[in-house]
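# Residue-level structural notes
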Amino acid sequence: MNAEQESPPGAQSASGAAPRLDEPLSTHERLGARLAEATAVRGRPATDGRTRRAMATRARITAAARELFVREGYAATAVTTVARTAGVAEQTVYYSYPTKAELLIGCLDHATDGIDRVPGQGPGDLTRLPWVRGALEEPSASQRLFLHVRGFVDLMNRAGPLLDVVRLAGAGEPALAHAWKQDEARRRAVHRTLLTTYAQDTAATLAPSLTTDEAVDVAALVLGPETWNALVGRAGWSALAWARWAHRSLLAELMPEKMPEQP
């Protein structure tokens, strides 16, 4: 596949047209089996009106908090402001998220997973998401890489700015430092899962100068929140421009034989 292509040959989106690198994933691609979990509050099924109202309240709180955290930063965002913006009492915010750190983690969970994590459990396993499983089933290494990049464009578009807030606030908040490490580990797990298939694919061998660990490091950097926030958030790139750059960079570093010849 030409590195400049926005859509791979033969790929189709839900509408029947070939998807673009920056085309958002469908709810099913992003959540799949978690759709049922998304109708729960901290593991409790939404079988009654009270639970459904609690879900709606938490969604309002995290939506308001996300905007404030990203715009104002962690330290400058007051829970009272979150409550006023969400249209709820301050006590309601603390009932849902007992600390400001838990509120920020809740925002990240909603952006990444669409649901709150169950208390006492870590975030969900991203390698089980439908788009990752679909990429693994692709026989073409070029198509797998395309889907790999597209999945992370969607993820960064939803969670990239929040991850920047979590990373910076983690210097003074151990809970947030732990949340950052957990999220980084599960993103790296996706890279490792997909990159291992390239190493096993005789038609698309990884660059011989790279070990699988080094390839994971490259993918984690190129498809990470640091480059997203630097180029999209601060330099003003579009999501598609970042996706094209990321795709070209990964082709050049991981599968140079797939790069188009220069005239």
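Residues numbered from 1 in each chain as written. Predicted model: local features only at pLDDT ≥ 70, side-chain atom pairs only at ≥ 80, totals over all residues. Heavy atoms only, no water.

Scanning the chain from terminus to terminus reveals twelve helices and two strands. In the chain, the order of α-helices and β-strands from amino to carboxyl end is α-α-β-β-α-α-α-α-α-α-α-α-α-α. The proportion of buried residues among the 263 residues of the chain is 46%. Counting contacts in the chain only where the partners sit at least 6 residues apart, residues at least 24 apart contribute 66% of the total. About 12600 Å² of surface is accessible on the chain, with carbon and sulfur atoms providing 53% of the total. (Helix = DSSP H or I, 4+ residues; strand = E, 2+ residues; numbered from the N terminus. Buried < 20%, exposed > 50% of the residue type's maximum accessible area, 1.4 Å probe, protein only. Contact = heavy atoms within 4.5 Å. Areas by Shrake-Rupley, 256 points an atom, 1.4 Å probe, with all protein chains shown as cover.)

The next point concerns the packing of aromatic side chains. The relation between two aromatic rings is expressed through the spacing of the ring centres and the mutual angle of the planes. For the structure shown, the criterion picks out four aromatic pairs. Between the aromatic rings of W131 and F152, the centroid separation amounts to 6.0 Å while the plane-to-plane angle is 90°, which identifies the pairing as edge-to-face. Of this pair, W131 sits in helix α7 (residues 130–136) while F152 sits in helix α8 (residues 141–169); the two residues are 21 residues apart in sequence, bridging distant segments of the chain. Each member of the pair, W131 together with F152, is buried. Seen from their ring centres, W237 and W245 are 6.5 Å apart, and the 85° between their planes marks the pair as edge-to-face. Residue classification places W237 among the partly exposed positions, given a relative accessible area of 33%. The ring centre of Y74 lies 4.5 Å from the NZ or CZ of K100, which sits over that ring. (Phe/Tyr/Trp six-rings, centres within 6.5 Å; stacked < 30°, edge-to-face > 60°. Lys NZ or Arg CZ within 6 Å of the ring centre and 35° of its normal.)

Before going further, it helps to examine the confidence of the model for the chain. Taken as a whole, the chain shows an average pLDDT of 83; of its residues, 77% reach a score of 70 or greater. Under a pLDDT of 50 for its full length, residues 9–16 has, in the predicted model, eleven contacts with residues more than four places off or in other chains. (pLDDT = per-residue confidence, 0-100.)

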